[in-house]
Amino acid sequence: QVQLVESGGGLVQAGGSLRLSCAASGLTFSTYSMGWFRQAPGKEREFVARCTSTGGTYYVDFVKGRFTISRDNTKNTVYLQMNSLKAEDTAVYYCAADGPPYGMAIRRQSYEYWGQGTQVTVSS
């Protein structure tokens, strides 16, 4: 049984930082591309960042330079370091796993497995 468990969310002031973690189990983690998505109230879930199985990274424009995705295959964990947070970053953040054959990074349908989400609230 595949499980993705996010942690690290919380309340932070604008300009602050948070580090999200997503621990995976039940899959061959090193072969999966891992993504982070987010969903704000009343909005669709949107792509944030992706780290491929070989360590390549891809970001949506509005987080470039502020967020960093990374992975540790020895711990079956993917991270999202979020700096210079803004009020508009407030959302539930989800991690997701995309196994081979890999789909498009930004498409939710590319990802087979999802975590339950962790709330990030940025106060202005």
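Residues numbered from 1 in each chain as written. Predicted model: local features only at pLDDT ≥ 70, side-chain atom pairs only at ≥ 80, totals over all residues. Heavy atoms only, no water.

**Observations regarding a nonpolar patch on the surface**
Here's step 1: On the surface, Y58, M104 and I106 cluster together into a nonpolar patch covering about 320 Å² of accessible area.
Here's step 2: Mapped onto the elements, Y58 comes out in strand β6 (residues 57–59).
Here's step 3: The class for Y58 is partly exposed, based on a relative accessible area of 44%. (Patch = residues over 30% accessible without salt bridge, like charges linked within 9 Å, V, L, I, M, F, W, Y side chains within 5 Å. Areas by Shrake-Rupley, 256 points an atom, 1.4 Å probe, with all protein chains shown as cover. Salt bridge = Lys/Arg side-chain N within 4 Å of Asp/Glu carboxyl O. Helix = DSSP H or I, 4+ residues; strand = E, 2+ residues; numbered from the N terminus. Buried < 20%, exposed > 50% of the residue type's maximum accessible area, 1.4 Å probe, protein only.)

**Description of the environment of A40**
Here's step 1: Among the secondary structure elements, A40 is positioned in the loop between β4 (33–39) and β5 (46–51).
Here's step 2: Sequence separation between A40 and G10 is 30 residues, and the spatial gap between their C-alpha atoms is 14 Å.
Here's step 3: If near-sequence neighbours (up to four positions away) are discounted, A40 is found in contact with T90 and A91. (Contact = heavy atoms within 4.5 Å.)

**Observations concerning the sheet that holds strand β1 (residues 3–7)**
Here's step 1: The 4 strands lie next to each other as β1-β3-β8-β7, forming an open sheet whose pairing is antiparallel. Edge strands, defined here as strands with exactly one partner in the open sheet, are β1 and β7 (67–72). Sheet twist, expressed as the mean angle between neighbouring strand axes with direction ignored, is 15°.
Here's step 2: Here β1 runs beside strand β3 (residues 18–25); their pairing, made up of 5 bridges, is antiparallel. Paired with V5 across the strands is A23, a residue of β3. (Pairing = 2+ DSSP bridges. Axes fitted to C-alpha atoms, helices over the stretch in contact; angles between N-to-C directions.)

**Digging into the pairing of β4**
Here's step 1: Of all 7 residues that make up β4, 6 are buried, and the element is covered over most of its length.
Here's step 2: Sheet topology note: the β4/strand β9 (residues 91–98) ladder contains 7 bridges and is antiparallel. Counted as the bridge partner of F37 is Y94 from β9.

**What about the environment of T57?**
Here's step 1: Along the chain, T57 turns up in strand β6.
Here's step 2: Here T57 falls in the partly exposed class, since its relative accessible area comes to 43%.
Here's step 3: In this structure the C-alpha to C-alpha distance between T57 and E6, which are 51 residues apart in sequence, comes to 19 Å.
Here's step 4: Dropping the residues within four chain positions of it, T57 is found in contact with R50, C51 and I69.

**Topic: the nonpolar core**
Here's step 1: Counting 34 residues, the largest nonpolar core has W36, L80, M82 and Y93 as its most contacted members.
Here's step 2: Taken together, the elements giving at least two residues each to this core come down to β3, β4, β5, β7, β8 (77–82), β9 and β11 (118–123).
Here's step 3: Among the elements that make up this core, the one with the highest residue count is β9 (5 residues). (Core = buried A, V, L, I, M, F, W, Y, C linked by side-chain atoms within 4.5 Å.)

**A look at the packing of aromatic side chains**
Here's step 1: This model, assessed by the stated rule, comprises 6 aromatic pairs.
Here's step 2: Ring centres of F37 and F47 lie 5.6 Å apart, and the angle between their planes is 80°; on these two criteria the pair is classed as edge-to-face. One end of the pair, F37, is in strand β4; the other, F47, is in strand β5, with 10 residues separating them in the sequence.
Here's step 3: Take F47: its relative accessible area is 6%, and that puts it in the buried class.
Here's step 4: Ring pairs connect the aromatic residues F37, F47, Y58, Y111 and W114, which therefore count as one cluster.
Here's step 5: Positioned over the ring face of W114 is R45, at 5.0 Å from the centre of the ring.
Here's step 6: Over the face of the ring belonging to F29 we find R71, whose NZ or CZ atom lies 4.5 Å from the ring centre. (Phe/Tyr/Trp six-rings, centres within 6.5 Å; stacked < 30°, edge-to-face > 60°. Lys NZ or Arg CZ within 6 Å of the ring centre and 35° of its normal.)

Keep in mind that these numbers describe shape and distance, not what the molecule does.
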